[in-house]
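# Tertiary structure, described
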Amino acid sequence: MPRLLLILLALAAATACSKDSPPAAPDPGSGTTTNISGRERIGWDQPGDSVEQVSGYSYGIYVDGARNDVTAVACAPGSASQLFACSGKGPDLAVGTHTLELSASSESGEGPRSPALTVVVARAASGTAPSDWPVGSQDISVDGEPLRLEKLVEGLDRPADAAFLPDGRLLIAERSGRVRLVEGGVLQARNAYEPAPEGDAILSLAVDPLFERTRFVFMIHAARTGSGDVFRLARYREVQGTLGERAILIEIEAPPIADASAVLRAGPGNTLLVAAGAAGFPGILLRLNMDGTRPRDQAGTTPGIAQGLQAPRGLAIDPVSGLIWIADEQGGQAHLTGIAFTGRPLQAVVRARHPLAAAGSMAFYPSGGRVSQFARTLLMASPYGRLDRIRLSDAGPEQAPAVDAILEDLLGPLLIVTAGPDGAMYFCTADALGRLSAPE
């Protein structure tokens with residue numbers, strides 16, 4: 001099964017370089033990294049005297065001998081003294097085999113290149129769905145049983161998240177900052193929310209479980225302020241298809257907007273759960289009241305209840321066990337982590353951690369739904385162009401789940417998956433909304 005891997009480049013120089021000489025040569029180790037999409041961020045350990053020093057370097061990546069800049073670089077303390085965990089974005093890679101070399105530069109010049117690392121791009125994750133995905137519906141088979149696959153709307157722009165309102169209307173947040181409204185299977189011309197002039201990115205949204213009384217919708221933004229980039233949790237009130245009356249609940253430090261990753265969901269006990277972070281940036285799981293304050297039953301003095309995340313992509317609450325499952329990427333690997341809240345005062349306890357091929361948006365199939373193939377199933381949108389069906393073990397969360405692929409190579413990369421009130425699963429590609437349901 002293909003694995004979504006960061007290209008790990010280990011900079012294993014024994015000592016940090018001096019201020020009067022170029023940075024030391026990176027050392028990527030040996031071996032070949034395979035089955036990558038060609039669009040991953042690059043991660044490495046950088047020798048240096050401080051985070052400020054290594055963050056001030058510029059980095060280049062040589063792809064088959066041609067130099068490219070590494071952009072959106074972020075660095076944090078690493079696993080050893082004078083060693084810092086950095087990541088950045090290199091060029092997208094075409095399908096095939098490539099050799100990569102990394103270099104670091106300072107005011108003293110460019111340091112030597114690293115030894116070459118070989119990577120194999122098995123299938124590039126393109127940003128668009130195949131052109132032959134038909135408008136309308138078609139029948140497919142899963143486990144020998146028929147399902148109905150439908151394209152509902154087109155014209156989306158890189159969806160970041162989606163959530164249903166109790167009356168069946170669907171809100172689709174685009175990372176560019178606007179929120180689209182789908183009503184009666186039709187994408188409305190008027191948007192529910194337009195981005196502010198400063199251009200905050202929307203990372204995730206959630207609907208208040210008491211929406212019919214409060215009309216509240218929550219969003220988490222990656223925002224730029226005068227003192228740096230932040231994760232901003234805001235509350236809005238929905239009135240006739242428009243989100244307004246913004247109230248900012250909290251702001252916490254964030255990596256550069258281009259790297260920020262966060263998932264927001266309504267949690268048990270009328271709370272909000274926020275997983276936020278980025279590759280190479282220390283992430284956190286927050287548990288908050290609906291007004292942004294810390295719940296009184298929670299340990300500590302801040303809303304943070306767990307750490308150890310880096311780039312969270314999905315969060316879903318098991319309706320049977322109550323475990324919170326988080327899919328994130330860190331250290332070149334994707335993982336599915338199960339977290340329980342126990343004790344008084346409440347604390348987060350990791351109950352399980354399993355490797356994944358890729359981390360993406362997740363949703364549990366609703367109990368009582370008509371699609372028997374999805375019963376007791378966690379579904380995950382995959383950038384490798386499939387819907388991953390994750391079947392958790394009845395023996396307990398510690399047992400490795402069974403994972404298999406649906407819709408493989410039919411629609412292109414999937415960005416979002418969510419459960420609909422009609423028992424169907426809805427998903428977004430980079431530009432379209434689809435539905436997977438039992439046949440009529």
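Everything below is about the structure shown above.
Position numbers for residues count from 1 along each chain, tracking the sequence in the order it is written. Local features in a predicted model are, by the rule used here, given only for residues with pLDDT of at least 70; side-chain atom pairs are given and counted only at 80 or more, and totals for whole chains, interfaces and linings are based on all residues. Side-chain numbers here rest on the full set of heavy atoms in the structure, without hydrogens or water.

### Topic: the sheet that holds strand 25 (residues 311-317)
The condition that has to hold: By the convention used here, strands pair only if DSSP detects at least 2 bridges between them. Only DSSP runs of H or I with at least four residues qualify as helices, and only runs of E with at least two residues qualify as strands; both kinds are numbered from the N terminus onward. Orientation is described by axes fitted as lines to C-alpha atoms, over the contacting stretch for helices, and by angles from 0 to 180 degrees between their N-to-C directions.
In space, the four strands of this open sheet follow the order 25-26-27-28, with antiparallel pairing throughout. Among the strands making up the open sheet, the edge pair consists of strand 25 and strand 28 (347-356). In this sheet, neighbouring strand axes are inclined to one another by 25 degrees on average, regardless of whether the strands run parallel or antiparallel.

### Comments concerning the nonpolar core
The following threshold applies: To define a nonpolar core, start from buried Ala, Val, Leu, Ile, Met, Phe, Trp, Tyr and Cys residues and group those joined through side-chain atoms within 4.5 Å. Throughout this description, buried means an accessible area under 20% of the type-specific maximum (1.4 Å probe, protein chains only), exposed means over 50%, and partly exposed covers the range between.
Core analysis: the largest hydrophobic core is formed by 22 residues, its most contacted members being Phe231 and Leu264. Elements supplying a minimum of two residues to this core: strand 17 (201-207), strand 18 (216-225), strand 19 (228-239), strand 20 (242-253), strand 21 (261-267), strand 22 (271-278) and strand 23 (281-289). In terms of residue count, the dominant contributor to this core is strand 18 (four residues). If you look at the next biggest cluster of nonpolar residues, it comprises 20 residues, including Leu149, Leu414, Leu436 and Ala438.

### A closer look at the packing of aromatic side chains
As a reminder, the rule being used: Note on aromatic pairs: the rings of Phe, Tyr and Trp (six-membered ring only in Trp) are paired at centre separations within 6.5 Å, and the planes decide the class, stacked below 30 degrees, edge-to-face beyond 60, tilted for the rest. Charge-over-ring placement is defined geometrically: NZ (Lys) or CZ (Arg) within 6 Å of the ring centre, and within 35 degrees of the ring normal.
The tally for this structure, following the rule as stated, stands at five aromatic pairs. Centre to centre, the rings of phenylalanine 164 and tyrosine 426 are 4.9 Å apart; their planes meet at 70 degrees, and the pair counts as edge-to-face. Placement of the pair is phenylalanine 164 in strand 13 (residues 159-164) and tyrosine 426 in strand 34 (residues 425-428), with a sequence separation of 262 residues. For the pair formed by phenylalanine 164 and tyrosine 426, the shared burial category is buried. Taking the centre distance of 5.7 Å and the plane angle of 70 degrees together, the rings of tyrosine 365 and phenylalanine 374 count as edge-to-face. When the ring centre of tyrosine 62 is taken as reference, the NZ or CZ atom of arginine 113 above it lies at 3.7 Å. Seen from the ring of phenylalanine 216, arginine 235 lies directly overhead, with NZ or CZ sitting 4.4 Å from the centre.

### Some points on the sheet that holds strand 29 (residues 362-364)
On the basis of which strands lie adjacent, the open sheet formed by four strands has the order 29-30-31-32 and antiparallel pairing. Single-partner strands in this sheet number two, and they are strand 29 and strand 32 (402-406). Between one strand and the next, the sheet's axes are offset by a mean angle of 25 degrees, whatever the strand orientation. Alignment of strand 31 (residues 386-391) against strand 32, held across five bridges, turns out to be antiparallel. Bridge pairing links aspartate 388 to alanine 405 in strand 32.

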